[in-house]
Amino acid sequence: ALLKAQVRMNIGNQCWVFWGIFLYISVCLGVDYDLDDRTGLGRSFDGIGALSGGGATSRLLVNYAEPYRSQILDYLFKPKFGASLQILKVEIGGDAQTTDGTEPSHMHYEDDENYFRGYEWWLMREAKKRNPNITLIGLPWAFPGWVGNGENWPYSFPDITASYVVSWILGAKQYHDLDIDYVGIWNERHFNNKYIKLLRYTLDKRGLERVKIIASDNLWEPITSVVIADKELQDAVEILGVHYPGTNTVPKALKTGKKLWSSEDYSTFNDNVGGGCWARILNQNYVNGKMTATISWNLVSSYYDDLPFGRDGLMTANEPWSGNYVVESPIWITAHTTQFTEPGWVYLQTVGHFTHGGSYVALTDERGNLTIITETMTHDHSVCIRPPLPPYNVTAQNVTFHLKGTFVSVFFSVCVCVIEGSFSIELDVDEVYTFTTVRNGQRGSYPDPPSSAPFPKSYKDDFDVSGNPYFSEAPNFADQTGVFEYFTNLTDPGPHVSTLRQVVTQRPVTWVADADQTISVIGDYKWHDLMVSCDIYMEAVHTGGVFIAVRVDKGGGVIRSTRGIFFWVYADGTYKVTNDLSGMTVLAEGLSGTRARVWYKLTLTVKGNYASADLNGYPLWKNAVLWEPRHGWVAIGTSSFELAQFDNFAIEALA
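No experiment lies behind these values; they were computed from the predicted model shown.

Rules used in this analysis
- Residues numbered from 1 in each chain as written.
- Predicted model: local features only at pLDDT ≥ 70, side-chain atom pairs only at ≥ 80, totals over all residues.
- Heavy atoms only, no water.
- Salt bridge = Lys/Arg side-chain N within 4 Å of Asp/Glu carboxyl O.
- Helix = DSSP H or I, 4+ residues; strand = E, 2+ residues; numbered from the N terminus.
- Buried < 20%, exposed > 50% of the residue type's maximum accessible area, 1.4 Å probe, protein only.
- Disulfide = S-S within 2.5 Å.
- Expected span 1.5 Å × (residues − 1).
- Contact = heavy atoms within 4.5 Å.
- UniProt positions renumbered as here; feature names shortened; annotations may be inferred.
- Patch = residues over 30% accessible without salt bridge, like charges linked within 9 Å, V, L, I, M, F, W, Y side chains within 5 Å.
- Areas by Shrake-Rupley, 256 points an atom, 1.4 Å probe, with all protein chains shown as cover.
- Pairing = 2+ DSSP bridges.
- Axes fitted to C-alpha atoms, helices over the stretch in contact; angles between N-to-C directions.

1. So, the pattern of salt bridges
All told, the structure shown has 25 salt bridges when counted by the stated rule. A salt bridge links Asp181 to Arg210; the shortest N-O distance between them is 2.7 Å. Here Asp181, found in the loop between α4 (158-176) and β6 (182-184), pairs with Arg210, found in the loop between α5 (193-205) and β7 (212-218); they are 29 residues apart in sequence, far enough to count as distant. Take Asp181: its relative accessible area is 16%, and that puts it in the buried class. Between Arg560 and Asp516 there is a salt bridge, with its nearest N and O atoms 3.2 Å apart. Of this pair, Arg560 sits in the loop between β27 (545-552) and β28 (563-570) while Asp516 sits in the loop between β24 (498-502) and β25 (518-522), and the two are 44 residues apart along the sequence. You can call Asp516 partly exposed: its relative accessible area is 39%. Salt bridges here are not isolated pairs; linked through shared partners, they connect Asp74, Glu126, Lys129 and Arg130.

2. A word on the state of the cysteines
What the rule picks out here adds up to one disulfide. Paired through a disulfide, Cys277 and Cys384 show a sulfur-sulfur distance of 2.0 Å. Here Cys277 and Cys384 share a disulfide; its torsion about the S-S bond, 105 degrees, makes the bridge right-handed. Taken together, the residues span a long stretch of sequence, with Cys277 in helix α9 (residues 272-287) and Cys384 in the loop between β17 (370-375) and β18 (397-403) at a distance of 107 residues.

3. Focus on α4
Taking 1.5 Å of rise per residue, the 19 residues of α4 would be expected to cover 27 Å, and the 27 Å separating its terminal C-alpha atoms lies within 8% of that figure. Looking at α4, one finds that the buried residues are Pro158, Thr161, Ala162, Tyr164, Val165, Val166, Ser167, Trp168, Ile169, Gly171, Ala172 and His176. For α4, the secondary structure elements touched by its buried residues are β4 (87-92), α2 (120-130), β5 (135-140), α3 (145-148), β6 and α5. Immediately beyond the C-terminal end of α4, within one or two residues, lies Asp177, with a positive phi of roughly 55 degrees.

4. Description of the UniProt feature "active site" (unreviewed entry) in the chain
If you check UniProt for "active site" (unreviewed entry), the listed places come out as Glu188 and Glu264 in our numbering. Here Glu264 is to be found in strand β9 (residues 259-266). The contact partners of Glu264, leaving out residues within four places of it in the chain, are Leu51, Trp141, Val242, His243, Tyr244, Ile295 and Trp297.

5. Structural notes on a nonpolar patch on the surface
On the surface, Tyr610, Val625 and Trp627 cluster together to form a nonpolar patch covering roughly 350 Å² of accessible area. As for its placement among the helices and strands, Val625 is situated in strand β33 (residues 618-625).

6. Digging into the sheet that holds strand β34 (residues 633-638)
Ordered by their spatial adjacency, seven strands build an open sheet running β22-β25-β34-β27-β28-β29-β30, and the pairing between neighbours is antiparallel. Two strands bound the open sheet, and with one partner strand each, they are β22 (478-481) and β30 (586-591). Looking at each pair of strands side by side, their axes are set apart by 20 degrees on average, direction ignored. As judged from the three bridges shared by β22 and β25, these two strands associate in the antiparallel manner. Looking at the pairing, Ala478 lines up with Val521 of β25.

7. Quick look at unusual backbone geometry
Omega for the peptide link from Gly54 to Gly55 comes to -15 degrees, which places this bond in the cis form. By the secondary structure assignment, Gly55 is in the loop between β3 (47-52) and α1 (68-77). Of note, the amide linkage connecting Glu221 to Pro222 takes the cis form, showing an omega dihedral of 10 degrees. Mapping Pro222 onto the fold places it in the loop between β7 and α6 (223-229). Even without being glycine, Asp95 reaches a positive phi, approximately 65 degrees. Asp95 gets classed as buried once you look at its relative accessible area, which sits at 2%. Phi angles above zero are rare outside glycine, and Ser267 is one such case at about 50 degrees. In this structure, Ser267 sits in the loop between β9 and α9.

This is the structure:
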């Protein structure tokens, strides 16, 4: 059937006449465009996908209760339902901050392997459950410190780095029955010819010939020139992958004969303008740049809104405490292509730009099916976060498609007037149409989820888990430096047998400027007056230090400059109150009598411009004067990369 779906972004709302409704078109005169396969076909379509990670962008998704978590996953991955994604790319966790948080490594230490940490394994399994043919990609942004052997660089010992990455791929298969299809090389700091060749050698040696390499997950250069000049590297690299190419490629990239992918793109607020951005680049990445796959950063906005790049996912699901989620316009923009094509379909050579603005692509399965996607996104309704978009004009227009070659007698619908292999349509601005012979697409739906609600003002977690927890991290905590995991203390079966433990003991090979302290945030960024308490246990003798904090105002890549009210106790018997994570602005300090390997209860109360704190129920200091910041998250953490434990965490927000 010839089907139609459209988004009228110029009125700020999605206006759908969706699949399953026949579109009656009267033939009228318009600019002519041929769709013809007689001169051959274009490049093979590899799919549309999205990225979980880079970093911690799916953190809150795992904490949703059923049925809402499964509904969100269906909108993302279930074929012929929502976005119907064909590619899932995940971060290979490296214990370091990689945009909105840290993701745990499968090897915190050289002699440590655990293939159940984090949530990416679970996410890949859920994607495969819904779409067994989905393509899986792994990419490291950062690495645990031991990989760099004390340097903030992962390639001084490239054999170690290659073995580390390959172990993740092997673990995916051994423990989760997941076949990883591609592994990426990231990015401007991590492009290394010797490493790429060694990675290819290591993959082959371990029986992973089927796993292909994407390089260099950055710009077209220098990877393109190096691949042309180096035959061994050319053989090692399967895909030239770039980030945010602005729909353009370079002649040298085409000359390589390699597949070209936009291996990270979009990264734009997911309102209707974001949907327009996504619609434009999905078409024009091929029309302008011959890129046959486009991958969105990110998959789903499941991180706190006030972290960097809030709501830059295809949909929003960042309230597990309420169950609320929002299916944003990029989900349905994706569906225009993914529900009516499959990887392995082939683009026609006759694709391009409309005379009066916008673009069109056409794909075939070479077995009689044809799908045409048109977009007429205006400049102001399709601006992406990057790169800058030069001015251009789009106006309403009539277009006539002439179906030639094997498509001359293609059947769309008896309701469509196709005269001698041609049909016409009037295109307004800011519209997306899909014309297809594929008959089984749909706009999937579930009953509305619960209404949005703020984070609970009264919140407790005793980190008590029975046996092995389903996920390694406590609900709603968002690690910003370091990794906080469930821990079972088998040597001390007392009241603190199950705790939350900070486990990173060496500064990672970082992607951004991680803090020198570890920190995990939780709660409502708007909170200003509240009381927080937590039992803490320092494991580092003499040098240990632990804090609880309120009004924490920053996260993500700027975590080093975070401010708030931080209450620290140290294993040397002192305490300190600071206005910043770095500990430079001291509000109060003194003796606490605290030492390592003893449990203490810290309580921090902030109201208006005053803060006070208790140690084991006794006042340690009170009425410290503070002015900024006025609101922010709650946090726990340590004074360095060190082992420490937390238990019986509680929040009572007053305002």
